[in-house]
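# Report on the structure
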Amino acid sequence: MFDFLEYIKTYIQTQFANDSQITTAKKPNVYNAYQINHEPIASKPEIQVQIMNNNERNGYTTFCGKKANTISVQFTPYIGGQMKIGGVDRNAQESSIIFGDKIEKMLYDLIYSNGNENIYGGRIITTSPALPMNGGGTIYMTAVRFEFIVASPYID
């Protein structure tokens, strides 16, 4: 599970680094969710990633005889203040929604590109509305939950 999560974090980081719609100063960093001594700040977008519902990981055999697990992962972009996306000024709430949409597209691109032979499939589970962090309006977040079907054991 650790190798899979590290792979996904690196993949998302690389995809955002190569996204020409986002200015270099606003490229997000990707972190483990709820990291010790870390809290999002309004001046720098970020994405936090975490495994969800470990106890629901199901092991099974695929139709082609491969062993697989389902792993649910949450991706949460935290965006503060104004930022320009695709040449358009966006507020934090709009930007968090756009980042969520970008994450969803990146994950489907990964699955359908066969870029990682250990990922057999996946689907979006839910997307939250853009919500203010800590009840204020400075930083907004949008949670994107995705379920992956991965090789068991997952070997990077």
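Above: the structure in question.
These notes cover the structure that comes with them. (Residues numbered from 1 in each chain as written. Predicted model: local features only at pLDDT ≥ 70, side-chain atom pairs only at ≥ 80, totals over all residues. Heavy atoms only, no water.)

### Structural notes on the overall build of the protein
Applicable threshold: Strands here mean DSSP runs of E at least two residues long; helices mean DSSP runs of H or I at least four residues long; both are numbered from the N terminus. As defined in this context, the radius of gyration uses C-alpha atoms, and a globule is described by 2.2 Å times the residue total to the power 0.38. Under the scheme applied here, a residue whose accessible area is under 20% of the maximum for its type counts as buried, over 50% as exposed, and between as partly exposed, the area being computed with a 1.4 Å probe on protein chains only. When checking whether two residues touch, look at their non-hydrogen atoms; a contact exists if any pair is within 4.5 Å.
A tally of helices and strands in the protein yields two helices and 10 strands. Along the protein, helices (α) and strands (β) appear in the sequence α-β-β-β-β-β-β-α-β-β-β-β when read from the amino end. Rg of the C-alpha trace for the protein: 16 Å, near the compact-globule value of 15 Å for 156 residues, within the 12% margin. Each principal axis of the C-alpha atoms in the protein carries an extent, and together these give about 50 × 30 × 25 Å. Looking at the 156 residues of the protein, the share that counts as buried comes to 45%. Excluding contacts between residues fewer than 6 apart, the proportion of contacts in the protein whose partners are at least 24 apart in sequence is 59%.

### Notes on the nonpolar core
The criterion, for reference: Take the buried Ala, Val, Leu, Ile, Met, Phe, Trp, Tyr and Cys residues and link them wherever side-chain atoms come within 4.5 Å; each set so joined is a nonpolar core.
Among the nonpolar cores identified, the biggest contains 31 residues, and Phe-4, Ile-8, Ile-12, Val-73, Phe-75, Ile-119 and Phe-148 are the most heavily contacted of them. Breaking this core down by element, the ones donating at least two residues are helix H1 (2-17), strand S2 (46-52), strand S4 (67-80), strand S5 (83-85), helix H2 (92-113) and strand S10 (144-151). Setting aside residues up to four positions removed in sequence, Ile-12 forms contacts with Val-30, Ile-47, Phe-75, Ile-103, Met-106 and Leu-107.

### Some points on the environment of Tyr-31
Relative to the helices and strands, Tyr-31 is located in strand S1 (residues 29-32). Looking at Tyr-31, the relative accessible area reads 22%, which means it is partly exposed. Sequence-wise, Tyr-31 and Ile-139 are 108 residues apart; in three dimensions their C-alpha atoms are separated by 16 Å. Beyond its immediate stretch of four places on either side in the chain, Tyr-31 contacts His-38, Glu-46, Ile-47, Gln-48 and Val-49.

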